[in-house]
Amino acid sequence: MYVFQAASIDSETQKQGLHLIVHRLFNNDGSSSVKNHVEDAWTSNASNDHERRMIRRFFSCTPVRCSTIHMNVPSPETFDLVVPSTIDIFGREERGRIRFHKGTIPECHAELATYGIPIVWMPMTSTGRRKLTEHKQWIKIQKARETAMRQGR
């Protein structure tokens, strides 16, 4: 929620909306997670009803709208399980904004590039290693902004 709140301060984001990119079910090495894990996480109805309600509620109260939601899914097995569940989770308004991308991390990144999303901004390398430098820099800027606001600058 903090990221959405911080993004809502930016006037360009208010106009354009936020582009949410979700890398689903990739291991740290960039390989896909096992099918059983996906089945357990996405098809158990006991926790999904509560999770669906929470996600719908979250997206209905965010201070900035999502222009698009890009879901990157690693393998055909997980893709076939994740897509119907994800479509069911999101509300009617968000469903039209969801784009699914299937394949390895480099394949998903290449597909995202066709939407004009710079690959260098991705928080994950093509090997699955997380890139935290830009994220840490962004957090530092946010902390400085908040401190300045508290001090009345």
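Residues numbered from 1 in each chain as written. Predicted model: local features only at pLDDT ≥ 70, side-chain atom pairs only at ≥ 80, totals over all residues. Heavy atoms only, no water.

Following the sequence through the fold, M1 ends up in the segment before α1 (2–8). The exposure class assigned to M1 is partly exposed, which follows from its relative accessible area of 47%. Through-space distance from the C-alpha of M1 to that of F59 is 9.6 Å; in sequence the pair is 58 residues apart. If near-sequence neighbours (up to four positions away) are discounted, M1 is found in contact with F58, C61, T62 and P63. (Helix = DSSP H or I, 4+ residues; strand = E, 2+ residues; numbered from the N terminus. Buried < 20%, exposed > 50% of the residue type's maximum accessible area, 1.4 Å probe, protein only. Contact = heavy atoms within 4.5 Å.)

Mapped onto the elements of the fold, T68 is located in strand β2 (residues 66–73). Residue class for T68 comes out buried when judged on its relative accessible area of 13%. Leave out the neighbours within four places in its chain, and T68 touches L18, H19, L20 and R97.

Right, let's talk about the confidence of the model for the protein for a bit. Here the protein averages 77 in pLDDT, while 83% of its residues score no lower than 70. Of the regions scoring below 50 in pLDDT, residues 32–43 engages in 28 contacts with residues more than four places distant in sequence or in other chains. (pLDDT = per-residue confidence, 0-100.)

Moving on, we get to the pattern of salt bridges. Under the defined criterion, the tally for this structure stands at one salt bridge. The salt bridge involving R150 is made with E146; its shortest N-O contact spans 3.7 Å. Separated by four residues within a single helix, R150 and E146 lie in helix α8 (residues 133–150), roughly one turn from each other. Residue R150 is classed as exposed on the basis of its relative accessible area of 64%. (Salt bridge = Lys/Arg side-chain N within 4 Å of Asp/Glu carboxyl O.)

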